[in-house]
Amino acid sequence: MDIDGVLSLFGFASDERPAGNWLQVDGTPHLLSSSAGEHLLALMEPFELVWCSGWEEKANEYLPHALGLPSSPPYLSFDRNPGRGHAHWKLAAIEAHAGPHRPLAWVDDALNDACREWAEARGAPTLLIEPEPGIGLTHDHVAVLTSWARRPDVQQAAADGGQRHPSSG
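Residues numbered from 1 in each chain as written. Predicted model: local features only at pLDDT ≥ 70, side-chain atom pairs only at ≥ 80, totals over all residues. Heavy atoms only, no water.

Peer 1: Would you take a moment to explain the overall build of the chain for this structure?
Peer 2: When helices and strands are tallied, the chain shows 6 helices and 7 strands. For the chain, the α and β elements follow one another from N to C terminus as β-β-β-α-β-α-α-β-α-β-α-α-β. Relative to the 2.2 N^0.38 estimate, which gives 15 Å for 169 residues, the radius of gyration of the chain is 16 Å and therefore close to what a compact globule would have. When burial is assessed residue by residue, the chain has 48% of its 169 residues classed as buried. If you take every contact in the chain between residues at least 6 apart in sequence, the share linking residues at least 24 apart comes to 58%. Accessible surface, the chain as shown: approximately 8300 Å² in total, 50% of it carbon and sulfur. Distance between charge centres in the chain, computed from 11 positive and 23 negative side chains, equals 4 Å. (Helix = DSSP H or I, 4+ residues; strand = E, 2+ residues; numbered from the N terminus. Rg over C-alpha atoms; globule rule 2.2 N^0.38 Å. Buried < 20%, exposed > 50% of the residue type's maximum accessible area, 1.4 Å probe, protein only. Contact = heavy atoms within 4.5 Å. Areas by Shrake-Rupley, 256 points an atom, 1.4 Å probe, with all protein chains shown as cover. Lys, Arg positive; Asp, Glu negative; His and termini not counted. Charge placed at Lys NZ, Arg CZ, Asp CG, Glu CD.)

Peer 1: Would you mind showing me how to read the nonpolar core here?
Peer 2: With 28 residues, the main nonpolar core has Met1, Leu7, Leu40, Trp51, Leu63, Leu137 and Leu145 as its most contacted residues. Sorting the residues of this core by element identifies strand E2 (20-25), helix H1 (36-43), helix H2 (58-67), strand E5 (104-107), strand E6 (126-129) and helix H5 (139-149) as the ones contributing at least two each. For Leu145, the contacting residues outside a window of four places in its chain are Leu43, Phe47, Ala105, Val107, Leu127, Ile129 and Leu137. Val50, Ile94, Leu111 and Cys115 belong to the second largest nonpolar core, which has 14 residues in total. (Core = buried A, V, L, I, M, F, W, Y, C linked by side-chain atoms within 4.5 Å.)

These values are about where atoms sit, not about what they do.
The following block contains the structure:
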């Protein structure tokens, strides 16, 4: 689960600010969507929630309390110089966490063609969700994610991969 553009909104017109609450993170203001906590709670049952954001450990310093989460999800750490092996800076960390056979849903506002090609080539069910950064994660996204996680092929792949839940990063 990415944060900026998914839970922390930006890019909206100043006179059309979405519903949410401001949170200061190391002096930087972030507008957390008013529905972000509710959406994440709904996704914690069918998924293992994992932060997939440049926030890294900062996510758990600020977000669980602000969003009303019962626990602090794990977070991915990223190589700041990923080289030319991947066309998206998050892919190596996602691959290392999920492995090649575990179902994975990736929610990020900045997916590109390399992400889509990677998802198509994976050996496990993979779902990409790309929210608009001024709107963020919506009820419709949660419905698509939940329905996908409950598909028989996703459930079987999760069981075969030794995991109880698909991963959501």
